[in-house]
Amino acid sequence: MAESGGAQIIDGKLIAKQIHWSIAQEITTLKERHDKVPGLAVLIVGERKDSQTYVRMKRKACAEVGIKSFDVDLPATATEEEILDAVLALNANPEIQGILVQLPLPKHVNEQKILLAISIEKDVDGFHPLNIGNLTMKGREPLFSPCTPKGCIELLKESGIAIAGKRAVVVGRSNIVGMPVALMLNNRDATVTIVHSRTKNPEAIIREADIVIAAAGQPLMIKGDWIKPGAAVIDVGTNSVDDPSKKSGYRLVGDVDFEEVKKVAGFITPVPGGVGPMTIAMLLQNTLESAKRMFALEG
Ligand SMILES: Nc1nc2c(c(=O)[nH]1)N[C@@H](CN(C=O)c1ccc(C(=O)N[C@@H](CCC(=O)O)C(=O)O)cc1)CN2
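Here the structure is a predicted model, which means the values were calculated and not measured.

1. As for the overall build of the chain
- Tallying secondary structure elements over the chain gives 10 helices and 12 strands in all.
- Taking 299 residues into account, the globule formula puts the C-alpha radius of gyration at 19 Å, and the chain, at 19 Å, falls close to it.
- Overall, the C-alpha framework of the chain stretches about 55 × 40 × 40 Å when taken along its three principal axes.
- Across the 299 residues in the chain, those meeting the buried criterion constitute 42%.

This is the structure in structure tokens:
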């Protein structure tokens, strides 16, 4: 963790790298002792550039740690039925212990219907309604927690930031980040408020937070004077904004105005290099957990 004129910068890239390393070690042992490796199916529909980048990163990470990845690439015109058939085939494949369907899916596809079709035991993205539902109930736990929310919790833990008893504000209420991370913080005894596009005067609510999780998808929305001094600020945003000075013509920024907020916060994650790499590390971790569980069941 580096100091930055105020806030300590949480190095998600480094923490993720350490997790990759320990997963690779475990997989080597699994292979030596049981002659088995985890298998992860990565299914993508269409040619969205950002989704293709993330899928490429996931497949590369699998190769690096020793997870066998099964690639399913369907055209943007694939019907709901064709995608469902592909998911059912992956459910039935004994070499596969994890399945992920890259989101978002094309508009003509009912995303919830596809997620519901994934076998709950292989739902390493944690988006199956039963896995999400188990986050909402006392005394129950999901088989898998969604990767980005799990990554946020892991970053807090790794940085020594206590959650119990803290005021946490989650900005955004998406199915894949905002809602599950709010539930996960609540399950760890934080007092949680969700701020969203219809919230009046969000700054005043965010200013009360000891922990801010920014997942609104609004570039540089959260300013320095919205933050309580010393707060931990976890930035989930990955927004590309035009930047003619870059060869690519764009750069990635978070939902947090990093330059302003780092002067006030106690901890802050950068974009890139914060939550993003943790999403992939948590996916590998969930896949390994799934494989260990399924291999044990096979005896
Ligand atoms: N099935 C899923 N779909 C989506 C998920 C998900 O968890 N499961 N999350 C997001 C996108 N996402 C993974 O799919 C993801 C986003 C960002 C990163 C990341 O490492 N970002 C880097 C920057 C990468 C770049 O240069 O473009 C960083 O922040 O440092 C990884 C995964 C939506 N869909």
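2. So, the UniProt feature "domain: Tetrahydrofolate dehydrogenase/cyclohydrolase catalytic" (unreviewed entry) in the chain
- Within this numbering scheme, the UniProt entry marks residues 10-125 as carrying the feature "domain: Tetrahydrofolate dehydrogenase/cyclohydrolase catalytic" (unreviewed entry).
- Helix makes up 52% of residues 10-125 and strand 16%, whereas the separation of the span's terminal C-alpha atoms amounts to 24 Å.

3. Structural notes on the site of the ligand
- Near the ligand lie 20 residues; those nearest to it are Tyr54, Leu103, Pro272, Gly276 and Thr279.
- Counting only elements with at least two residues in the shell around the ligand, the list comes to helix H2 (49-65), strand E5 (98-101), helix H6 (147-158) and helix H10 (275-298).
- Here the element with the most residues in the shell around the ligand is H10; it accounts for 4 residues.
- For the shell around the ligand, a count of residues per class yields 12 nonpolar, 7 polar and 1 charged.
- Both domains that meet at the shell around the ligand, namely domain 1 (35-119) and domain 2 (146-276), each give it at least three residues.

4. Here's the deal with H2
- Across its 17 residues, H2 extends 25 Å between first and last C-alpha, which sits within 8% of the 24 Å expected from 1.5 Å per residue.
- In the stretch just after H2, glycine 66 is the one whose phi turns positive, near 95°.

5. Quick word on the environment of valine 124
- Secondary-structure assignment places valine 124 in the loop between helix H4 (111-117) and helix H5 (129-135).
- Along the backbone, valine 124 and glutamate 289 are 165 residues apart, and their C-alpha atoms lie at a distance of 8.9 Å.
- In this view, valine 124 contacts Leu40, Gly98, Ile99, Leu100, Phe144, Leu283, Asn286, Thr287 and Ser290; residues no more than four positions away in its chain are not counted.

6. Notes on the environment of serine 22
- Mapped onto the elements of the fold, serine 22 is located in helix H1 (residues 12-34).
- In the structure, serine 22 is positioned 257 residues away from threonine 279 in sequence and 16 Å away in space, judged by C-alpha atoms.

7. Things to note about the pairing of strand E7 (residues 191-195)
- By the bridge criterion, 5 bridges tie strand E6 (residues 167-171) to E7 in an arrangement that is parallel. Across the sheet, the residue bridging to alanine 168 is valine 192, located in E7.
- Handedness of the β-α-β unit built from E6, helix H7 (residues 178-187) and E7 comes out right-handed.

Cut-offs applied
- Counting from 1, residues in each chain are numbered in the order their sequence is written.
- Predicted model: local features are reported for residues with pLDDT of at least 70 only, side-chain atom pairs are reported and counted for 80 or more only, and whole-chain, interface and lining totals are derived from all residues.
- Each helix corresponds to a stretch of at least 4 residues labelled H or I by DSSP, and each strand to a stretch of at least 2 residues labelled E; elements are numbered beginning at the N terminus.
- The quantity called the radius of gyration is restricted to C-alpha atoms. Its globule counterpart is 2.2 Å times the number of residues to the power 0.38.
- Three exposure classes are used. Buried residues have 20 or more other C-beta atoms within 10 Å of their own C-beta, exposed residues have 12 or fewer, and partly exposed residues fall in between, all C-beta atoms being placed from the backbone.
- UniProt positions are given in the numbering used here, feature names are shortened, and annotations may be inferred rather than shown by experiment.
- Residues are counted as near a molecule or strand when the C-beta atom, derived from backbone positions, lies within 6 Å of that molecule or strand.
- Gly counts as polar in this scheme, as do all residues outside two lists: the nonpolar Ala, Val, Leu, Ile, Met, Phe, Trp, Tyr, Cys and Pro, and the charged Asp, Glu, Lys and Arg.
- Residue ranges labeled as domains rest on an automatic or database domain assignment.
- Here the expected length of a helix is defined as 1.5 Å per residue gap, with one fewer gap than residues.
- By the convention adopted here, residues are in contact when the distance between their C-beta atoms, placed from the backbone, does not exceed 7 Å.
- When DSSP finds two or more bridges between a pair of strands, those strands are recorded as paired.
- By convention, orient the strands away from the viewer: a clockwise path from the first strand over the helix to the second makes the crossover right-handed.

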